[in-house]
Amino acid sequence: MHISDGILATRYCIAGFGAAGVLAACALSKTRQEDISRVAVMSAAFFVSSLIHFKAGPTSVHLSLLGLMGITLGALSPLAIIAGLLFQALMFGHGGITTLGVNATIMAAPALLTFAGYRAVVGAGAGPMIRCAAGGALSGLGVFIGAGIMLAVLYLTGREFAGFAVAVSVAHSALALVEGVLSGVIIGQLQRIRPEALAA
Amino acid sequence: MNVTAYLDIDSPIHRWDARWKLVTIAACMFVCASVQKFESLGLILLLSLLLAVFARIPLAALLSAVRRPLAMSALLAPFLCVSAGGDVQCMVAGAPVYAEGVRLSGVIIIRSTAIVIAFAALFISTKHDLLFKALERLYLPKKAVFILMASYRYVFLFMDYFAHTLKAARLRGFSLNRGLLHAKCSLHMLVSLIVRGYDLHEQTAIAMRLRGLGDRIVTRKEFKTTFADIAKSGAIAALGALIMYLETA
């Protein structure tokens, strides 16, 4: 779910940095001194976790983990996402530096929505099984929303990218299903092993 | 040697004040992202290569830096060539190859290569604590800089932990790409990484508090702008302005 350097027009790159800046500023305003280590360490943990690939048919996929980041880090998740994307661009050439803002917005907005949805489910007094299912479904939905934003950005960049944008979005819709199921299982395990890790 | 490692040599780019270097190369990357014409594209590639040459980046590190973005662009290019629409340039295996798609693919490949090379010149020539300190001096919020710096430090720790876990699992007959049972193992590995992250953050928070670390970047180096720093930034800004002029002319 990353747009590489060189694809987007500068105005979209700058708009992306603006949007990511707003999300990061909101997150920073909620960051207390003791949260700094939590965001930093969890960001690194999620970054390395995203290196784990799962076999899906003829290919293998790695999870974006944006829903899980939202559920574990809550309103602070945009900061971890920005850090993670920067390292991915730096170390593996996934995504880009000039497109960092756009990529961060594509991932942070769904992460925050997932967090809000999951918190509402927990607030309604749902049991562990329903929480897992809701967390999984919301994570899958998050990937779907992220793919939608990416489709919109690519389409706005130029009609030439329309075919590519649709193909990428279809692939991500399939990924959303895998991500949803696996995120639900991971949330279930975290509920048993370390329930306090779930922010909501 | 790769672009994430600092190259401890002497070069004009290494001697450049980190704050001036950061701002100038960031602006340079945005110039790279804005150009469309082929003469301007040639110039941005030349500009970024000059930065790499002056930074004395080893060829292997440079190739390793551009390999992935080139691979991503190479994946995108055939798709764009056959789906961009517009005038048909030729037919390949019964599929139309559009002129606009070929042009766009070339633009994207050159732009992304130039951006990555410019970024490599920045990262490989600046000590990382100085880079974070420069970000702080450029008024990026201190908390954000500290989070970036701490994450960068822990990424390598978690990669080590993951490599050890993977090695142990492989010795027990585990493979990343085989069947449902192995997917379950991967899932456990992923959960263990997240739990370890959560456990480690508590220890890190205590250690930071005990050492009196707040959200300050601690480094002995102090920045001092010299005439050479301004001249280097000015020269690159002038080249960037020339490229933008050629682009709009």
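None of the values given here were measured: they were computed from a predicted structure.

Examining the overall build of chain B
So, step 1. A count of helical and extended segments in chain B gives nine helices and two strands.
So, step 2. Its C-alpha radius of gyration of 23 Å places chain B more than 25% over the 18 Å reference for a compact globule of 249 residues.
So, step 3. Based on the C-alpha atoms only, the size of chain B along its principal axes is roughly 60 × 60 × 30 Å.
So, step 4. Relative to its 249 residues, chain B shows a buried fraction of 45%.
So, step 5. Considering only intrachain contacts with a sequence separation of at least 6, the fraction spanning at least 24 residues in chain B is 75%.
So, step 6. Accessible area for chain B stands at about 12600 Å²; split by element, carbon and sulfur atoms hold 66% of it.
So, step 7. Each charge sign in chain B was given a centre, from 28 positive and 15 negative side chains, and these centres are 8 Å apart.

Re the interface of chain A and chain B
So, step 1. In this complex, chain A contributes 60 residues to the contact, which on the side of chain B involves 60 residues.
So, step 2. Both sides together, the interface formed by chain A and chain B hides about 5500 Å², and carbon and sulfur atoms give 79% of it.
So, step 3. Summed over the shared surface of chain A and chain B, the number is one salt bridge.
So, step 4. Put simply, Asp199 of chain B and Arg194 of chain A hold a salt bridge, and the shortest N to O gap is 2.8 Å.
So, step 5. Our enumeration of links across chain A and chain B arrives at eight residue pairs in polar contact (both at pLDDT 80 or more).
So, step 6. Mapped by element, the contributors of at least two residues to the side of chain A that touches chain B are α1 (10–29), α2 (35–49), β1 (53–56), α4 (77–92) and α7 (162–193) of chain A.
So, step 7. Considering each element in turn, the side of chain A that touches chain B owes the most residues, 14 residues, to α2 of chain A.
So, step 8. Among the residues making up the side of chain A that touches chain B, the classes are represented as 39 nonpolar, 15 polar and six charged.

Topic: the packing of aromatic side chains
Centre distance and the angle of the planes are the two values used to describe a pair of aromatic rings.
All names here are of chain B.
So, step 1. A full pass over the atoms with the stated rule returns eight aromatic pairs over all chains.
So, step 2. With centroids separated by 6.2 Å and ring planes inclined at 75 degrees, the aromatic side chains of Phe123 and Tyr152 adopt a geometry described as edge-to-face. Of the two residues, Phe123 is situated in helix α5 (residues 99–124) and Tyr152 in helix α7 (residues 142–171); the sequence distance between them amounts to 29 residues.
So, step 3. Classification of Tyr152 by relative accessible area gives buried; the value is 9%.
So, step 4. Plain terms: the ring middles of Tyr152 and Phe156 are 5.2 Å apart, the flat faces sit at 90 degrees to each other, and that makes the pair edge-to-face.

Let's talk about a nonpolar patch on the surface
So, step 1. Nonpolar side chains collect at one region of the surface, where Leu113, Leu141, Phe144 and Ile145 of chain A lie side by side and expose about 360 Å² of accessible area between them.
So, step 2. Sort the elements by how many residues they give to the nonpolar patch and helix α6 (residues 128–157) of chain A lands first, with three residues.

Section: the environment of Phe144 of chain A
All names here are of chain A.
So, step 1. Mapped onto the elements, Phe144 comes out in helix α6.
So, step 2. Overall, Phe144 belongs to the partly exposed group, its relative accessible area being 46%.
So, step 3. For the pair Phe144 and Leu175, spaced 31 residues apart in the sequence, the C-alpha separation amounts to 8.5 Å.
So, step 4. Look past the residues within four positions of Phe144 in its chain and what remains in contact with it is Ser173 and Ala176.

Focus on the environment of Thr113 of chain B
All names here are of chain B.
So, step 1. Turning to its location among the elements, Thr113 is positioned in helix α5.
So, step 2. Overall, Thr113 belongs to the buried group, its relative accessible area being 14%.
So, step 3. Along the sequence, Thr113 and Arg67 sit 46 residues apart, while their C-alpha atoms lie 9.0 Å from each other.
So, step 4. Excluding residues within four positions of it along the chain, Thr113 makes contact with Leu45, Val66 and Leu70.

What to know about the pattern of salt bridges
So, step 1. Inspection of the entire model under this criterion finds eight salt bridges over all chains.
So, step 2. With a closest N to O distance of 3.7 Å, Glu136 of chain B and Lys133 of chain B form a salt bridge. Of this pair, Glu136 of chain B and Lys133 of chain B are both found in helix α6 (residues 128–137), three residues apart, which corresponds to roughly one turn of the helix.
So, step 3. Lys133 of chain B sits in the buried class, given a relative accessible area of 10%.
So, step 4. Shared partners join several salt bridges into a network, and the residues in it are Arg32, Asp35 and Arg38 of chain A.

Calculation criteria
- Residues numbered from 1 in each chain as written.
- Chains lettered and ligands numbered in written order.
- Predicted model: local features only at pLDDT ≥ 70, side-chain atom pairs only at ≥ 80, totals over all residues.
- Heavy atoms only, no water.
- Helix = DSSP H or I, 4+ residues; strand = E, 2+ residues; numbered from the N terminus.
- Rg over C-alpha atoms; globule rule 2.2 N^0.38 Å.
- Buried < 20%, exposed > 50% of the residue type's maximum accessible area, 1.4 Å probe, protein only.
- Contact = heavy atoms within 4.5 Å.
- Areas by Shrake-Rupley, 256 points an atom, 1.4 Å probe, with all protein chains shown as cover.
- Lys, Arg positive; Asp, Glu negative; His and termini not counted.
- Charge placed at Lys NZ, Arg CZ, Asp CG, Glu CD.
- Buried area = accessible area lost by both parts, 1.4 Å probe.
- Salt bridge = Lys/Arg side-chain N within 4 Å of Asp/Glu carboxyl O.
- Polar contact = N/O pair within 3.5 Å; in protein donor to acceptor, adjacent residues only side chain to side chain.
- Nonpolar A, V, L, I, M, F, W, Y, C, P; charged D, E, K, R; others polar.
- Phe/Tyr/Trp six-rings, centres within 6.5 Å; stacked < 30°, edge-to-face > 60°.
- Patch = residues over 30% accessible without salt bridge, like charges linked within 9 Å, V, L, I, M, F, W, Y side chains within 5 Å.

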